[in-house]
Amino acid sequence: MSAGVIVICAVAVLLLLIVVEVPVGLALAVSGIFGSVLLEGWPVASDVLSTTPYYASARYALFVIPMFVLLGALVANAGIGAQIFTAVNKVVGRVPGGLPATTVLATAAFSGISGSSAADVAAFGRISVQEMTRKGYSPNYAAAVVAAAGAFAALIPPSIVLVVFAITADISVGSMILAGVLPGLFSAAVLAGYVVARTIWSRRGSPAEAHDSPVDLTRDAPEDAEFARYQQSRRGSLIGALYAVLLFAIVIGGIQTGLFTSTEAGAVGAFAALLLTLVVKRPKHLTRWAVVARSLKETSSITSMVFLLLVGAAIFNYFLISARVPSDVAAWVAGLDLPAHIVLLLILLLLLPLGTVLDGLSMVLVVTPIVVPIVNELGFDPIWYGILLIKMTEIALITPPVGINVFVIAGIMKATKVEQIFRSVFPFVLLDLAVTAVLFAFPSIITWLPSIATPAG
Amino acid sequence: MRTDTERLGADPHGSAPTEVPDPASTPGGTVLDRLETVTETVARFAAYLGGVGIACLVLATVTDVARRAAGMTSINGLVDLTEVALVFVVYFGFAQAEVDKTHIRTSFLTERLPDRVRRVVLAAVWALAFAFLLWAVVRTGQSAADSFHAGESRASQSGVPVWPARVMVSLGLLGLALQSLMNVIAAVRGRRSGGDR
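Residues numbered from 1 in each chain as written. Chains lettered and ligands numbered in written order. Predicted model: local features only at pLDDT ≥ 70, side-chain atom pairs only at ≥ 80, totals over all residues. Heavy atoms only, no water.

## Brief notes about the overall build of chain A
Here is the rule we go by: Labels follow the DSSP assignment, with helices taken as runs of H or I lasting at least four residues and strands as runs of E lasting at least two, numbered in each case from the N terminus. To sort residues, take the accessible area from a 1.4 Å probe on protein chains only and compare it with the maximum for the residue type: under 20% means buried, over 50% means exposed, and anything in between is partly exposed. Throughout, a residue-residue contact means that at least one pair of heavy atoms, one from each residue, lies within 4.5 Å. Note on areas: Shrake-Rupley with a 1.4 Å probe; residue coverage comes only from the protein chains shown.
A count of helical and extended segments in chain A gives 22 helices and zero strands. With 457 residues in all, chain A has 64% of them scored as buried. Long-range pairs, those at least 24 residues apart, make up 79% of the contacts in chain A with a sequence separation of at least 6. Counting every atom, chain A has about 15700 Å² of accessible surface; 68% of that belongs to carbon and sulfur.

## Some details on the overall build of chain B
Looking only at helices and strands, chain B features five helices and zero strands. Counting helices and strands in the order they occur from the N terminus, chain B gives α-α-α-α-α. Considering only residue pairs separated by 6 or more positions, chain B has 72% of its internal contacts joining residues 24 or more positions apart.

## Quick word on the pattern of salt bridges
Residues and elements named next belong to chain B. Applied cut-off: Each reported salt bridge corresponds to a side-chain nitrogen of Lys or Arg within 4 Å of a carboxyl oxygen of Asp or Glu.
For the coordinates displayed, the defined rule picks out 13 salt bridges over all chains. The shortest N-O distance in the salt bridge between Glu98 and Arg105 comes to 2.8 Å. Given a relative accessible area of 1%, Glu98 falls into the buried group. Residue Arg105 is classed as buried on the basis of its relative accessible area, which comes to 2%.

## Considerations on the packing of aromatic side chains
Where we set the bar: Stacked, tilted and edge-to-face pairs are distinguished by plane angle, under 30 degrees for stacked and over 60 for edge-to-face with tilted covering the rest, among Phe, Tyr and Trp rings (Trp via its six-membered ring) whose centres lie within 6.5 Å. Counted as over-ring charges are cases with an Arg CZ or a Lys NZ within 6 Å of the ring centre that also lie within 35 degrees of the ring normal.
Tallying each qualifying case throughout the model produces 14 aromatic pairs over all chains. Each ring, one from Phe380 of chain A and one from Trp384 of chain A, has its centre 5.6 Å from the other, and the planes form 35°; the classification is tilted. Note that Arg198 of chain A overlies the ring of Tyr141 of chain A, its terminal NZ or CZ placed 4.0 Å from the centroid. Over the aromatic face of Tyr54 of chain A sits the side chain of Arg166 of chain B, whose NZ or CZ is 4.4 Å from the ring centroid.

## Points about the confidence of the model for chain B
All names here are of chain B. Convention followed: Each residue carries a pLDDT value, the predictor's own confidence for that position, ranging from 0 to 100.
Taken as a whole, chain B shows an average pLDDT of 82; of its residues, 82% reach a score of 70 or greater. Under a pLDDT of 50 for its full length, residues 1–20 has, in the predicted model, 68 contacts with residues more than four places off or in other chains. In the predicted complex, the global pTM is 0.82; the interface-specific ipTM is 0.85.

## Section: the environment of Thr61 of chain B
By the secondary structure assignment, Thr61 of chain B is in helix H1 (residues 31–69). Measuring from C-alpha to C-alpha, the distance between Thr61 of chain B and Val137 of chain B comes to 31 Å, with 76 residues separating the pair along the chain. Ignoring any residue separated from it by four or fewer positions in sequence, one finds Thr61 of chain B in contact with Phe63, Glu264 and Ala267 of chain A together with Leu78 of chain B.

## Remarks on the packing of helix H4 (residues 64–77) of chain A against helix H13 (residues 234–257) of chain A
All names here are of chain A. Our working rule: Angles shown run from 0 to 180 degrees and are taken between the N-to-C directions of axes, each axis being a line fitted to C-alpha atoms and, for helices, limited to the stretch in contact. An angle below 35 degrees is treated as roughly parallel, one above 145 as roughly antiparallel, one from 65 to 115 as roughly perpendicular, and anything else as oblique. Here the nonpolar group is Ala, Val, Leu, Ile, Met, Phe, Trp, Tyr, Cys and Pro; Asp, Glu, Lys and Arg are the charged ones; every other residue, Gly included, is treated as polar.
At a minimum axis separation of 12 Å, H4 and H13 run at an interaxial angle of 175°. Compared by their axis directions, H4 and H13 come out roughly antiparallel. Mapping the contact onto sequence places Phe68, Leu71 and Val75 in H4 and Tyr243, Leu247 and Val251 in H13. Along the lines of polarity and charge, the residues of the contact of H4 with H13 split into six nonpolar, no polar and no charged.

## Quick notes on the nonpolar core
Put simply, the rule reads: Only buried residues count toward a nonpolar core, which is a set of Ala, Val, Leu, Ile, Met, Phe, Trp, Tyr and Cys residues joined through side-chain atoms within 4.5 Å.
Counting 200 residues, the largest nonpolar core has Ile65, Phe165, Met176, Leu191, Tyr385 and Phe428 of chain A together with Tyr91 of chain B as the members making the most contacts within it. Among the elements that line this core, the one with the most residues is helix H15 (residues 288–322) of chain A, at 16 residues. Phe165 of chain A has contacts with Ile171, Met176, Val364, Thr368, Val372, Pro382, Gly386, Leu389 and Ile390 of chain A, leaving out every residue within four places of it along the chain.

In structure tokens form, the structure reads like this:
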């Protein structure tokens, strides 16, 4: 059997396992070993299985992942998300489209500390959709705004996907994190502008409903109305906003100034979140210990999820490299009689159908080892292209059938159907593609911040 | 589609999680229910241990940064220790991530299948996963034994031993294998294991 046929068989096994509900990490491992058995025989495949789970996990650079996850879990469990939401709402809530804009900007602020796009959607889903529905927005549109905001915010550091790309592509994690800042903020600003413009357009001629009133959290938390009142109070909102700014400043400021490495930034950020969790006001039914214990258990579980993907991808990528797939593809692409920019654009567009079966993180893990050699071969900056690649995985977060953000928000809002949300989210997919085109055309939006950073010693 | 997010900050008010009744404590509780309860309890305990490990690594790293900021030397061997400890943290949570259904998967096809077909498919794929993971447990276990006999340690002055981490890899995979077995049993019995129960 030729290597090409074996690769096709292994990819077929991978897709088959994914669609029958096998965890993606496990599916990658099984199909990678399956391919290795066909390509190199049982002894080699068996050796890969015995050593890869250790070597794919025991890497200092990966230590940043549990740190960022812990940081996000502490913030989420302490109920800070609602405080950030009300803080943003106090600023933009009264403009037309203020509620969807609040959702977008609060998600951007929260994503700066949570590290997970789906976590952002989960954190703001209930409040956002309930409040928007109350103010007359359709539930499907409200859900689509939340799902899109989570996807648009995926670039704002600390993002797990950014870290995983950097490690897989063997480039500086710190540079990659900094590279995500401006495109992330730009994406959030474009989306906020779009939802405001859309509201003004749809409400023209009806001045009575031209403004969104402030949110009221107490209606949704009658069992702990006192905490909800605190969350939406001026003081609670201010503390929430300060909390977000402080943690973002520690992580990004620390890396930017070279005070510490990206890994240490994650640890210092998580430590600061831990200290803040111990001093901020919390829900009545949760002790400080309960917030910390729940966050630690979640962090352990989510870290394991990410690492199962990493281990599975390492096994699968070993197989791909053994089959010479990355080098053959790079050589084939280099031999194409097409301008380099067109080649890179075509690769990005090819990622779209892949996003219909793989989630963002899995896509990054599978595609990066194949794509980065091509980018290097063509003489482009892998950091620039990495951000574009992650933008495409963002789109995968809101496209059927594996749009995780849509499934998360549909799970939170039981009354809305996934198919209807996917329909409502379509304009946001087009908007995201337009933003990606701008980033493609103007690379300095991505590369400027890392270029002025001071590397940690 | 199930992801981590049902658990990660799903409620901005931080409201209490819904309590799931213990099947083993009900009159109809069976040996299999008890087995499920035991495996899930062990998985949860291991996840908490992993969480404590993460907290320790945070404190160690922050201490190291503070020492450097104060003009002192770095903690000797911290990077080596962190790498080995990271393996413990990761594999302690493997089984719990399956109990929680945190491992990323897609159910868009299986949830459209007739119940009987779906159960057969899930039982078959989880049986395959169980067999694969058992093979991985055996191979990583052999690797751990080799590492122990050779006295393998980090190739630096710290000399941090590696074999405990290799043992942990095998144990973590065993935990995931047991959860796969529980998924087979759950599919055969027509119910979902873990977080979906």
